[in-house]
Structure formats: C-alpha cells, structure tokens
Amino acid sequence: MTVSITNTEVAQISNVRTSISVVTAVADAVATAQPNTFLYEDIDLPCSQLISMPLLEELKPNQKVDNVAYVRCVDSGARLMCIQVSYQIPIDISGKMSMCNCMKEITSSIEVCEPFNITVSLTNMKFEKIEKVQLGEAFLSRMEVKCLSPWPVALQGSSLNLAKLVKFADEESLSQLTDVSLKQNDCAVEFRCLLSSGQTPSEIDIGSYSIEWRRVQNGAAVPFASTTVSLPTVEAEPIPLSLHVDMPAYGHMKAVLPLTYLLHNQTPFVQDMEIAMESSEAFMLSGHKQLFFRILPDSQHILRYNLFPLFPGYVTLPRLRVNMVRYSGVLDQLSSVVPTHIFIKVCMVL
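Fair warning: this is a prediction, and the values are worked out from it, not measured in the lab.

**A look at the nonpolar core**
In step 1: Ranked by size, the top nonpolar core spans 27 residues in total, and within it Tyr-261, Leu-263, Met-273, Ile-275, Phe-283 and Tyr-305 carry the most contacts.
In step 2: Broken down by secondary-structure element, the contributors of at least two residues to this core are strand S23 (241–246), strand S25 (257–265), strand S26 (271–277), strand S28 (290–295), strand S29 (300–309), strand S31 (320–324) and strand S32 (341–345).
In step 3: Considering every element that reaches this core, the biggest residue donor is S25, with 4 residues.
In step 4: Residues within four places of Phe-283 in sequence aside, it is in contact with Leu-257, Leu-307, Phe-308, Pro-309, Leu-310, Val-315, Thr-316, Leu-317, Pro-318, Ile-342 and Ile-344.
In step 5: Counting 26 residues, the second largest nonpolar core, distinct from the first, contains Leu-122, Leu-135, Met-143 and Ala-188.

Structure (structure tokens):
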C-alpha cells in the first residue's frame, strides 16, 4: 500500500509524521475488530495493528513523498484503514512566528479478494475421475489452480502433506508449479501419483495441499505467502488381484510391439485363474490366447505377448479377459487400470 503525501500549504512544513492503523468495523452501532489484518512498516519487521512511517524533517510546498506499507489479510472482505498525518507549520501571529501543530486524517477502504481458487479431484491412471481408490493401487491427485487476482501471481512451488495411510508412488515427487506466473483467469494443473497403503477397507484422509505464492510487483520483493487446502476424504476398497501393464508409449507399424501383463495375487489363498486374449483386426498376436493357471498367495504371474501392428493411428489394443474363480467381478475392477488404446506411427523408410 502506497501513501502519497503532498504539501499543499503555502509554507514549508516540518516534523511530518504518518501513521496507519486498522479501523474497527461498525455495524448497527456496534464496533467490531478486524483481527485478520496485519500491517508491516517493512517486510522484515514484526506486524502490528498500528504502524508509524519514518519521520520527515521537512516538506516544501507542492513537494510529494511516497510511503510504502505492507498489508496482509488472512481472509477476504473490505478493510478500513485510517491514515493520519501530523505536521508543524510556521504562522505569523502579530508579527511573531510560531509553530502550529496540524493534523489530517482520512479513512480508506480496501477490498481484499481471494488470490486463486483451488480444486482437487482424484483420477485413475487413465485420467478418469474416481470416487473410490483401491488399496495398493496407484491413483492420481489432480490439483487445479485458477487465478482470481486482478494482479499477476507468482508461484514458488507446491507441496503435498500426506496422511499416514497415503504415500507417493515414486520416491521423489517434485512440484510441477515451480516458478509459474498466473494472470487473472489463468489456470495451472498438476498431478501427483499416490498409493493407499492401508490393509483394510475404510475412509482415508489423503492430507493437504499447499502453495507458496506472492503478488508480482515492482520494487521490493515481498515474502511468499502460503495457502493450504484439504484434500478430499476417499473410500479405499481392497482388490484381490492387481494388474500392471508394461508397454511402450507408442508403436511402429509392422514392427514388434512387446506387451507384458503382471498379475499379483493380493489374497492369502491360492487363486485359480483363467485368461483369454481377444483377437484384433489392428494387430497380429504372438502369445497365449487362452490359459489356465494358479497363483500362490502374495505371488505374481507374468504374461508376455508380442504384437505386430497392421494399421497406423490411435488403435484399440487386444482385450485381455481375466477371470478368478473365487471373485467373479474382478474384471470390472481391473478395467479402470488396463490401457485400451495405443498410438501407432508409420515407419519412414529412407
């Protein structure tokens, strides 16, 4: 906040003192304090509800001086600021010069707005929104930050503070919003890959999401502020079989495309499995088209296929059907994590 003082007196004034304070709001003849507003004379000094600017020893006629103060508000809404300027001016009284003490006071209203709106949602690994997560399976937390500030906002970075039953899928999870600047109505989105580490079905608290930010402005750089929002509480359900797919990001037409399925039995019992690989017009297939086998408790079984793409473009992969004798509906739970399409490029022969 900049307070500009201009000497409109006909003579030079001296000992100019400026003070800024937070005015209590008055509603229905009852005064209420505004506790969530803090003033700073300098960004390195403690905050207060009343600050005094440096003393000006003199100010010539029509001379202008700018004083900069800093205001930090915890919540939105209107704020009343009282700016008071006191000074001394020489006056002639019966041929004798005397110093007259004068004061001017104004009240200014400042409207405080939210810097941005943060929306948090959960998706599966195919970026489809989900209402539940599966124990031990990776899922994505999607954070969308929309700038509401009429001034540009600089983001220093973001962080996730996870609860006990949730962890990062990768050992290192870096912020995707580091050194990002947003203008009004701009949106920034980042994803974090998470895992639920619980053992029993329950509602789990994921944690909280924090952003370090500040307003972009000329002059002295103000410290970064922190805004924190809570991540949603989600229901975690167990799944008897986990399925992970290892495949390239894309393939080439008429070139071998390796495809590997890793099935993990997450139950304490031996599971009888039946798998069937459906045919596809877009691929020639090498591997088991139908297979019966057993998986020991907490053990894995690997299925390997070689695909030979026949058409370019965004094509449908052959569908793998999985059937567990003990759990007839497991295919519906696995469908959300199994990729269904892949992009096939045309090989350029020189």
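Read on for the rest.
**Overview of the pattern of salt bridges**
Close approach of charged atoms lets side chains of opposite charge pair.
In step 1: Here the structure, examined in full by the defined rule, presents 5 salt bridges.
In step 2: Residues Asp-272 and Arg-294 are paired through a salt bridge, measuring 2.6 Å at the closest nitrogen-oxygen approach. Residue Asp-272 is found in strand S26, and its partner Arg-294 is found in strand S28; the two are separated by 22 residues along the sequence.
In step 3: As a salt-bridge pair, Glu-278 and Arg-321 come within 2.5 Å of each other at their nearest N and O atoms. Of this pair, Glu-278 sits in the loop between S26 and strand S27 (283–286) while Arg-321 sits in strand S31; the two residues are 43 residues apart in sequence, bridging distant segments of the chain.
In step 4: The partly exposed category is assigned to Glu-278, whose relative accessible area is 31%.

**Here we look at the pairing of S28**
In step 1: The side-chain alternation of S28 yields one buried face, formed by Leu-291, Phe-293 and Ile-295, and one unburied face, formed by Gln-290, Phe-292 and Arg-294.
In step 2: Across 6 bridges, the pairing between S26 and S28 is antiparallel. Among the inter-strand pairings, Ala-276 is bridged to a residue of S28, identified as Gln-290.

**A short note on the pairing of strand S10 (residues 77–93)**
In step 1: Looking at chain direction, strand S2 (residues 13–22) and S10 are connected through 7 bridges and run antiparallel. Within the sheet, the bridge partner assigned to Ile-20 lies in S10 and is Ile-83.
In step 2: Relative to strand S11 (residues 96–112), S10 runs antiparallel, the two being bridged by 17 bridges. Residue pairing for S11: Gln-84 is matched across the bridge by Glu-105.
In step 3: Counted between consecutive antiparallel strands, the loop separating S10 from S11 contains 2 residues, among which Ser-94 sits at a positive phi close to 55°.

What counts, and at which threshold
Residues numbered from 1 in each chain as written. Predicted model: local features only at pLDDT ≥ 70, side-chain atom pairs only at ≥ 80, totals over all residues. Heavy atoms only, no water. Core = buried A, V, L, I, M, F, W, Y, C linked by side-chain atoms within 4.5 Å. Buried < 20%, exposed > 50% of the residue type's maximum accessible area, 1.4 Å probe, protein only. Helix = DSSP H or I, 4+ residues; strand = E, 2+ residues; numbered from the N terminus. Contact = heavy atoms within 4.5 Å. Salt bridge = Lys/Arg side-chain N within 4 Å of Asp/Glu carboxyl O. Pairing = 2+ DSSP bridges.

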